[in-house]
Every structure is written in C-alpha cells, then in structure tokens.
Amino acid sequence: MKKQTVGALALSAALAMGMAGTAFADPAAVVQGNATDNASDTAIENTQADGKNTGVGSGNTEVYLQAVTNQVNATIPLRVYAVADIDGGDMVMPSAASYKITNNSTAGTLYVTQVQAALDNAGAINGWTGVATKEALATTSAEKAVFVSMQPAGIAAPWALTSGDSTTKVLSPATATGAASANYLWEVAKKSGDAGTESAIQLVGANSALGANIDTSMTYENGSAVKFMNITYTVSMKAHEMTAGTTAG
C-alpha cells in the first residue's frame, strides 16, 4: 500500500485567534496590586453639636475605575501532517493528544466562536475538492477528493470540515449544533497553575485517488509534503457576550 504525506493536511491550522503568546493584564493582579491609596488616607472626623463631639463620624472614599482588555493568550499547532494512500482510503491523522488548543490566560475562559476550513487550491498542487461525508468518496470519480472532520473533546459528534458544494466550510454555533441561540462552539477553561488548559481536537480524514501529479517521494522529512487545507479558528474572551452552547476542554 503506497502511503503519501499529503501536505499534512497542512492544516496549516492558522490561529485566527489573536495568536500565541500575547501578553495581557490579569485584572485580579491589577486590583490587588493597586487596591488602595494609603498615602492619602482621609481621617474619619467626629461630627460636633453645640461644640461637642457627638461620637458619630463620617469620611469619604473616592472609587476609580481602571479599564482593561483580556487579550487572547493561546496556542495551536501551526502545521500538522496527515498520511494518505495515493490510491485512496483513510488518512492517518494526528492524534487528539498532539492537536489541541491551549489557553494560557489566567484571566478567563477562551470561547471558540467559529471554525473555517478552506481547501488550498492556490498552491502547486490544486484541484482539491471536498465531500460532505466519507461515504461519498466511494461514488466519486474525482481525483484529490477529500473528507475531513473534527471533534473537540467533550463534543458528542464530529463536525465535517468539508462539503460537496464549496471549497470552504464555515462552522458556526448554528450550523454545527443547530442551536441558533448559542454563540460559541466550545470553551476552554482559563489556565490553572503552571500549565495552560488544553482542549484536544480529533481529526479524521479520507481521500480518493490522488492522481499522477502527487508522487510517493513527498514526505514530511524531506519537506516536500503538499498543503491541501487551512483551518482557521476565531475565538473570544468576552464572557459577557457569550451564550452557553456546547462546551469542551
């Protein structure tokens, strides 16, 4: 059986996320570090009546607001690799243990609000087409037809990242879960302790025959694997705007 490293799905899983490693202010640390201005404490003064202290006093505290933005601080693999049989069949995909979103923020939960998958027909190898189900590959005569799905941890059923009528598939809460009231696909809890909180994603793929312009000498090791898909994630840390949908992580 001839196996081919197909652009590792080169899932070039581009993180439309606000990108890894962005620094941000932890609101709790900001407040605790600047909680009071003791250098200019105001005395609580006794009130007087007829020139005598009454035993009743009053004082004043001015309350100031400092606004912060919880910036995204998360990572996802830039590239992942899949291996496909040049004559068609199931792809060997990266495991959920290696493909994951990691929330490195201690400030709050990360909400995945959209996933967009696009077949890469702008590269040296083009002509990729998507099918909506793995079973559809059995009836297609097209070369380089692919089916890819994803299933985040905690989600009951996988979501197809390919479709039969477009080279781009967009997953939103309404399309993925059928819950129009939800506005996020899944959530990743904030960082606790030294390590970030991980949300594993299982990818599954299959392909038709790849054709003569893809040869079995292309591998990850020699840097010749061909990219065939990009996956872009859109996320938010604005909890007040989030409506509960499905959760994971």
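Keep in mind the model is a prediction, meaning the values are calculated, not measured.

**Considering the overall build of the protein chain**
Summing up its helical and strand segments, the protein chain has two helices and 15 strands in all. The long-range share in the protein chain, meaning contacts at least 24 apart out of those at least 6 apart in sequence, stands at 78%. Taken as a whole, the protein chain presents about 13100 Å² of accessible surface, with 51% of it coming from carbon and sulfur.

**Topic: the environment of N73**
Topologically, N73 is positioned in the loop between β3 (52–58) and β4 (74–75). Residue classification places N73 among the buried positions, given a relative accessible area of 12%. Measuring from C-alpha to C-alpha, the distance between N73 and T106 comes to 9.0 Å, with 33 residues separating the pair along the chain.

**Focus on empty space enclosed by the protein**
What the rule picks out here adds up to one cavity of 30 Å³ or more. In this structure, the largest cavity spans a volume of roughly 30 Å³. Lining the largest cavity are A117, L119, L161, T162, S163, S166, T167, T168, K169 and M229. Among the elements of the structure, β8 (110–119) and β12 (168–171) are those that each provide at least two residues to the lining of the largest cavity. Grouping the amino acids of the lining of the largest cavity by side-chain chemistry returns four nonpolar, five polar and one charged.

**Some remarks on the packing of aromatic side chains**
Taken as a whole and assessed by the stated rule, the structure comprises four aromatic pairs. Ring centres 4.9 Å apart and planes at 65° place the aromatic pair Y111 and Y184 in the edge-to-face group. Remark: Y184 occurs in the loop between α2 (173–177) and β13 (186–188) and Y111 occurs in strand β8; sequence separation between them is 73 residues. Residue classification places Y184 among the buried residues on the basis of a relative accessible area of 4%. Chaining the aromatic ring pairs together yields one cluster made of W159, W186 and Y233.

Conventions and cut-offs
- Residues numbered from 1 in each chain as written.
- Predicted model: local features only at pLDDT ≥ 70, side-chain atom pairs only at ≥ 80, totals over all residues.
- Heavy atoms only, no water.
- Helix = DSSP H or I, 4+ residues; strand = E, 2+ residues; numbered from the N terminus.
- Contact = heavy atoms within 4.5 Å.
- Areas by Shrake-Rupley, 256 points an atom, 1.4 Å probe, with all protein chains shown as cover.
- Buried < 20%, exposed > 50% of the residue type's maximum accessible area, 1.4 Å probe, protein only.
- 1 Å grid on protein atoms, 1.4 Å probe; cavity = no way out; pocket = protein on both sides within 12 Å on 5 of 7 lines; lining within 4 Å.
- Points joined across faces, edges and corners; volume = space filled by probe spheres on them.
- Nonpolar A, V, L, I, M, F, W, Y, C, P; charged D, E, K, R; others polar.
- Phe/Tyr/Trp six-rings, centres within 6.5 Å; stacked < 30°, edge-to-face > 60°.

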